[in-house]
Amino acid sequence: QVQLVESGGGLVQPGGSLRLSCAASGIVFSMYTMGWYRQAPGKQREWVATITNTDSTNYVDSVKGRFTISRENAKNTVYLQMNDLKLEDTAVYYCNVVGSSGSYWGQGTQVTVSS
């Protein structure tokens, strides 16, 4: 059974930083591409960043230069380092993996950027 558990969200002022974590179980973590998505109030869920099993990364344009996705295979964990946070980064952030039997999501972690 695939499980993804996000943590690290919270309330931060504009310009601040947070690091999100997503711990995975039930998969051979090192083999899979991992992704972060977010959903702001009243908006559709959007893709934020992806890291492949060979550590190739991609980002949505709005976070390039501010967010960094990384992974630690020994801990079955993917991270999202978020710097220079903006009001528009406020959202619930979700971890995702597409496995052999489907797409899996965590429960999400709330990130609120507010002064």
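A short tour of the structure in this document, coming up. (Residues numbered from 1 in each chain as written. Predicted model: local features only at pLDDT ≥ 70, side-chain atom pairs only at ≥ 80, totals over all residues. Heavy atoms only, no water.)

## Section: the side chain of Thr77
Tracing the backbone through its elements, the reader meets Thr77 in strand S8 (residues 77–82). Owing to a relative accessible area of 9%, Thr77 belongs among the buried residues under this scheme. (Helix = DSSP H or I, 4+ residues; strand = E, 2+ residues; numbered from the N terminus. Buried < 20%, exposed > 50% of the residue type's maximum accessible area, 1.4 Å probe, protein only.)

## Notes on the state of the cysteines
Evaluated as defined, the whole model comprises one disulfide. Sulfur-sulfur distance for the disulfide between Cys22 and Cys95 comes to 2.1 Å. Between Cys22 and Cys95 the disulfide shows an S-S torsion of about -80°. By sign, it is left-handed. Placement of Cys22 in strand S3 (residues 18–25) and of Cys95 in strand S9 (residues 91–99) is noted, with a sequence separation of 73 residues between them. Both residues of the pair, Cys22 and Cys95, count as buried. (Disulfide = S-S within 2.5 Å.)

## Side note on the environment of Ser56
With respect to the secondary-structure elements, Ser56 resides in the loop between strand S5 (46–51) and strand S6 (57–59). Between the C-alpha atoms of Ser56 and Asn76, which are 20 residues apart in sequence, the distance is 17 Å. With near-sequence residues (within four places) excluded, Ser56 lies in contact with Thr50 and Ile51. (Contact = heavy atoms within 4.5 Å.)

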